[in-house]
Structure formats: C-alpha cells, structure tokens
Amino acid sequence: MNAPESTYTQVAWPAKVNEIPKDIFDREDVYQLELEKIFYGPEWHAVAHAGEIPNPGDFKTINVGERPILVVRGDDGEIRTFYNACSHRGNLLETRVTGNAAEFECPYHRWLFDTRGALRGAPGDEDFSPSFCKEEMGVPTIRSTEYLGLIFVTCSDKTPDIETYLGRTKDALAITLNGDGRLKLLGYQKVLYDVNWKAYADNDGYHAPLLHAAFKLLNWQGGEGEQYGTENGHIGFESELKVPEDTGFLNDPSLLHFKGTESSKGSAIASIFPVTVITKHMDMINIRFAFPRGVGSTEVHYGYFAHVDDDEEMVRHRIRQSSNMLGPTGLVSMEDASIFSRIHRGNHTPGNVAFQKGVKHEDRIWYDFKQNDEAGNLPRWEHYRKSMGFNREEA
Amino acid sequence: MSNISTEVLLAIDSVQNSYIHSLDTKNMDAWLATFNNEGSYICIAAENEANNLPIALMLDDCYARLQDRVTYVTKVWAGTFEDYQTRHFTQRISTEEIGKDTYRVITNYHILYTPEQGQTNVLVTGHYDDEIVLGDTPLFKSKKAVMDTNVSPRYIVYPV
C-alpha cells in the first residue's frame, strides 16, 4: 500500500514570505510530487512555437515534465499535440527531435498513423480484441491551445483558458513575440544545466547589473521599467530599451546595434510558470523551452526567431546578435549558466534562503515591483507552495 | 589516395595543434594568433547545421569579432565562472586543395573537460570544417566547429 501523500512530502515552509526552504531543491520525493501537482497538474506548458513547424508534416518532440510530447502540423495545416507514444503498446512513436513526416510508423508492430494522428493501419487487425475500434486508436492527444503562435499543452482538464491563465503577462508576452507572434525560426542553442528546475526559473532582477560585467564594461544602463507578478506564478518585465554607446570596448560594436523601431518598451521578459521564459532584448526574440531531467538537472532549448516581415539585413543582424549575446555561451548570459550550477550545489546545505532586495513585507504577498527587485519572484514561490500543498509554519 | 604532400599535411597539422594547444592552455592570444586577418570562427550545433538554421553558439564572422572573443573570456567573464581544464583530441579526416596554398580540412574532435572538483567528462564531440592558408605560418582563414553534441552538458566559456 502506498504511504499517504502527506507522510512523504512534508516540508517545513518558513513563516516569512521571503524565505524558501533549501531542501526542496534536492529532494526526490518533492520532485515526484512536483511532476504530479505541477507538470501534470493544472498548468499550461509552452512546447513549441508555430514558427518552428511552418510546413505540413513538420513536427517537434519535447517533454512536459518527464512525459514525451509530439507536436505536429498536419497535412491540413492544423497544429496538433500528442503524447509521443504508440496507441498500441506505448512505444515511443517518434525519436527524432524535429523533422518532416508524411506519416508516423511505430516499428514495433508497424502501426501506421497519419499527420493528424489517426490510425491508418495495423497489421493482423482481423485477430484483434472484440472491442478494438480503429477510429478510437489514434495517437493519444493532449489538451492544447495557441497564443500568438505559442503552442501550450496541459495534462489537466481543470486548467483555465490561456488568456485567463496568462493574465497580465499577456502584455510582456506580446512584446517578446514582436507584437503579433508571426515568427520564423532561426535555430537553437540547447544545454543541460546541472540545477533543479526551480532554481533555474528563480533567476531574478537583482543580479543583472551585478553579475554581468558586460553591462558595466560597455557602460550599458538599463532603461526605466517595471516588474509584476501574478497570483498563479508568472512574472512580467517591461522596460525601455537602452542601446549602449560605443565606448570602444568592443572591436565590433555592430553586435550591439538596435535596428528595430520600438524602444519605449523594447525589452521584455515573460516568465511563465513553471519553467518557460520568453525574452526580447535588443533585436533578439528568444523562447526558452525547458523541462526537468530529474531532480538535479534541467534541459533548456533556447529557440531564436526572426519576424516573418524582416528584410534580409534584419535577419542577418538577429542571427549575429542572438548567436553571441544570449544562451550558455552568450556575452551577457554565460554567467547565469555558471551560477545555476553553483546555486544547486549550495542549496544542498541546510536551512532557508531569504530574499532581500525589494522585500517590503514579510507577512503577505504583493504583485508590483521595481525591475531590479528579487522580490518579484515571491508570488511565484507562493503559487508553488500552494500548488504543492505545503503549509507555512506559524510566525 | 591523396596527392597532398607530407610537408603540406604537417603544416596543416601544426596549425591545428597550435589551435588546440592554445585552448588547452587557456591562452586566448595564442588562439587568436592561429587566424589570419580575414579569419572567422563559428561554433554551431549539428542539428542547426543539418537543418540550415544559422544560429550558432559562437559566431565570430570577422577578425574584429575574434578579437572580441578574447575580450569576452579574459575581461568580461573573468572571475564569474568556475574554471575548467579542456583536453582536445583531433583526427584529420580529409584534406582538399581549394586554391593557391589554401586547403579545406575536415577534422574530428573530442573534447574532455575537468572542472575544479576534478571529475572528467565529455564536453562535446564533432568535427571541424576549416579553411587553412599555408604561408610562412599556416593560419585559419575560417574555422567551423560543428558539434554533434546538440545539447551541451554545461555552459561553455572557451571556444571549441
């Protein structure tokens, strides 16, 4: 008999809202409950952008939690989402990461599916069970929705509609996706960080001017902006885009040029709970798809995009900027990657971490922050705590 | 059978060895010195390369960008990352003369890394697709490191 949930997932959650217990970052039992409550619970997870699979038959595979997902643009042009498993015995249906297919065949027993997920044929079906119904044996589907081209899936039928779910972060998301979400894929940078998924997603507004020396060396000041949270754990950043002046620090300053037209809110981040981050900095449009690889590892796929109306020069500029500024080797982000590893090992020490920058209250949650406050992560932690059913200790 | 002389092959190997030695000794100025003044360097995932997707992990498409790569490692990132030791192992696979004193060379590579804690693991594996110009000193006109390792196991500080 399985032990009741409460006996193996007890966590001593501190009374102060700005304190987080460190043991949640390395406990296997907590991770298993996160899969159930969060990754397979009532949350939407971004798994693709329509710009990644523009043509009929284009597909992409990815994970939600540890569940394999198959995203396909069918021969009718419609994007559908499936669990990536044969409807017969559960064999992984597609092993490629991306590609184009006229059909999907499971090699185990040669069951054949079309790009809409329907079962087209199964050898020996005259000997199948009495209740076998070919029309009901398509590739198993997972509930999905689309917002500005972003394809979201959820394992739960209780998840609210996407606009309600995103709430205020719709504004930041629209900026990051260039307004209308009509994007063209430029490529990926993919990396496995040795960090618990929550610490990866806990990157904050406080560290940016301190950790990233490039901002200081380039005399690159951030523009005026705002940060806000939502009750269901999303975070939005919107700020004026400031272009660094050429200080002579770089031999090729063209990398830092801004060729877009909108700069009053030219930088934005939409951090969608639990683990998706979409950013627009300078001329870089970046969607970071991510999923846990166990309790101590997080795989991140940095997808970079152009807008479909870009001219050739703009596309070239986006390629140069994206390839050198962000990701696990980027001028202003490599240091983030190095911190992920360090913070994960440090989180194996006992006790709590305590957020400080921008913490106005210790007994309640609020939702508007300065852009360099680390307190902006606190509504997310509150949503996490409630989702997991962890009770706060008495003050 | 290749009709390229042993002397040429030795010259090609010498610049490749200078390149990997500069990285294994973390000498970024020596790394820069393996390129000529038209030099370029691209490090790109094989997945992107195969699908004609141009995003790279490092895209230094002119000599000024190569110089800035040295600045990234030695000035911008200094003191912010946990250092690691690399060991590059290479095997020249093919050599083709494509112009006067200019050769296209394909070389497999395998890079191990050892962080400060001392456990060694594979960083990335793949192949170099290079244009090498012979002269008084053989130099790279272009170097492309295509990574089979589409999902790198960690952040990458030094060029591949």
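Residues numbered from 1 in each chain as written. Chains lettered and ligands numbered in written order. Predicted model: local features only at pLDDT ≥ 70, side-chain atom pairs only at ≥ 80, totals over all residues. Heavy atoms only, no water.

Caption draft 1: Examining the overall build of chain A more closely. Helix and strand counts for chain A stand at 10 helices and 20 strands. Scaling as 2.2 N^0.38, a compact globule of 395 residues should have a C-alpha radius of gyration of about 21 Å, and chain A matches this with 22 Å. Projected onto its principal axes, the C-alpha coordinates of chain A cover approximately 75 × 60 × 35 Å. Residue burial in chain A is summarised as follows: out of 395 residues, 55% are buried. In chain A, once contacts between residues fewer than 6 apart in sequence are set aside, the share between residues at least 24 apart is 65%. Of the roughly 16,600 Å² that chain A leaves accessible, carbon and sulfur atoms contribute 47%. (Helix = DSSP H or I, 4+ residues; strand = E, 2+ residues; numbered from the N terminus. Rg over C-alpha atoms; globule rule 2.2 N^0.38 Å. Buried < 20%, exposed > 50% of the residue type's maximum accessible area, 1.4 Å probe, protein only. Contact = heavy atoms within 4.5 Å. Areas by Shrake-Rupley, 256 points an atom, 1.4 Å probe, with all protein chains shown as cover.)

Caption draft 2: Structural view of the sheet that holds strand β4 (residues 102-115) of chain B. Residue and element names in this part refer to chain B. As summarised here, the arrangement of the 6 strands in space is β2-β1-β6-β5-β4-β3, forming an open sheet in which the pairing is mixed. Looking at strand neighbours, the two that pair on one side only are β2 (58-60) and β3 (84-99), the edges of this open sheet. Each neighbouring strand pair of the sheet contributes to a mean axis angle of 20 degrees, computed without reference to strand direction. As judged from the 7 bridges shared by strand β1 (residues 35-45) and strand β6 (residues 139-147), these two strands associate in the parallel manner. Residue Ser40 lies in a different strand from β6, and its bridge partner there is Ser142. Most of the contacts of helix α1 (residues 6-24) go to β3, to which it runs at about 155 degrees, and overall it touches β1, β3, β4, β5 (121-133) and β6. Along the sheet face, helix α4 (residues 63-76) touches β1 and β2 and points at about 70 degrees away from the line of β1. (Pairing = 2+ DSSP bridges. Axes fitted to C-alpha atoms, helices over the stretch in contact; angles between N-to-C directions.)

Caption draft 3: View of the packing of helix α2 (residues 28-39) of chain A against helix α10 (residues 378-388) of chain A. Residue and element names in this part refer to chain A. Two elements in contact, α2 and α10, have axes separated by 10 Å at closest approach and are oriented at 90 degrees. As summarised for this structure, α2 and α10 are arranged roughly perpendicular, according to the angle between their axes. Residues Val30, Leu33, Glu34, Lys37 and Ile38 of α2 touch α10, and the partners they reach there are Tyr384, Ser387 and Met388. (Parallel < 35°, antiparallel > 145°, perpendicular 65-115°, else oblique.)

Caption draft 4: Structural context of the sheet that holds strand β2 (residues 45-49) of chain A. All names here are of chain A. Spatially, β2-β11-β10 is the arrangement adopted by the 3 strands of the open sheet, whose pairing is antiparallel. Looking at the sheet topology across the chains shown, the edges are occupied by β2 and β10 (143-147). With strand direction ignored, the average angle separating the axes of adjacent strands in the sheet is 30 degrees.

Caption draft 5: Spatial organisation of the nonpolar core. Counting 106 residues, the largest nonpolar core has Tyr200(A), Tyr384(A), Trp31(B), Tyr41(B) and Val160(B) as the members making the most contacts within it. When residues in this core are grouped by element, the largest group, 8 residues, is from α1(B). If near-sequence neighbours (up to four positions away) are discounted, Tyr200(A) is found in contact with Tyr193(A), Val195(A), Val275(A), Val277(A), Arg288(A), Ala290(A), Thr298(A), Val300(A) and Phe340(A). Among the nonpolar cores identified, the runner-up in size contains 36 residues, and Ile53(A), Tyr165(A), Leu166(A) and Ile278(A) belong to it. (Core = buried A, V, L, I, M, F, W, Y, C linked by side-chain atoms within 4.5 Å.)

Caption draft 6: Highlighting the pattern of salt bridges. For the structure shown, the criterion picks out 37 salt bridges over all chains. Among the ionic pairs, Lys190(A) bridges to Glu47(B), the shortest N-O distance being 2.9 Å. Of this pair, Lys190(A) sits in strand β12 (residues 183-193) while Glu47(B) sits in helix α3 (residues 46-50), which puts the two residues in different chains. Both residues of the pair, Lys190(A) and Glu47(B), belong to the buried class. Glu49(B) is the salt-bridge partner of Lys144(B), the closest N and O atoms lying 2.7 Å from each other. Of this pair, Lys144(B) sits in strand β6 while Glu49(B) is found in helix α3, placing the two residues 95 residues apart along the sequence. (Salt bridge = Lys/Arg side-chain N within 4 Å of Asp/Glu carboxyl O.)

Caption draft 7: Fine view of the interface of chain B and chain A. Counting residues at the interface gives 35 residues for chain B, matched by 38 residues for chain A. Joining chain B to chain A, the criterion identifies 4 salt bridges. The interface formed by chain B and chain A contains 19 residue pairs in polar contact (both at pLDDT 80 or more). Of all the elements in the fold, those that place two or more residues in the side of chain B that touches chain A are α3, β2, α4 and β7 (151-152) of chain B. No other element matches α4(B), which puts 9 residues into the side of chain B that touches chain A. (Polar contact = N/O pair within 3.5 Å; in protein donor to acceptor, adjacent residues only side chain to side chain.)

Caption draft 8: How the structure looks around the environment of Lys216(A). Residues and elements named next belong to chain A. Within the secondary structure, Lys216 sits in helix α7 (residues 213-217). Lys216 gets classed as exposed once you look at its relative accessible area, which sits at 72%. On a C-alpha basis, the gap between Lys216 and Val315 in space is 28 Å, while along the polypeptide they are 99 residues apart.

Caption draft 9: Expanded view of the state of the cysteines. Scanning the entire structure with this criterion turns up 0 disulfides over all chains. As a non-bridged cysteine, Cys43(B) has Cys62(B) as the owner of its nearest cysteine sulfur, 17 Å distant. (Disulfide = S-S within 2.5 Å.)

Caption draft 10: Up close: the environment of Asp24(B). Looking at the secondary structure, you find Asp24(B) in helix α1. Beyond its immediate chain neighbours, meaning those up to four positions away, Asp24(B) contacts Gln85(B), Thr86(B), Arg87(B) and His88(B).

Caption draft 11: Representation of the environment of Ile285(A) within the structure. Residue and element names in this part refer to chain A. The topology assignment puts Ile285 in strand β17 (residues 284-292). A sequence separation of 17 residues divides Ile285 from Tyr302, and the C-alpha atoms of the two residues are 10.0 Å apart. For Ile285, the residues in contact, after removing those within four places along its chain, are Thr176, Asn178, Leu183, Thr279, Lys280, Gly303, Tyr304, Phe305 and Arg318.

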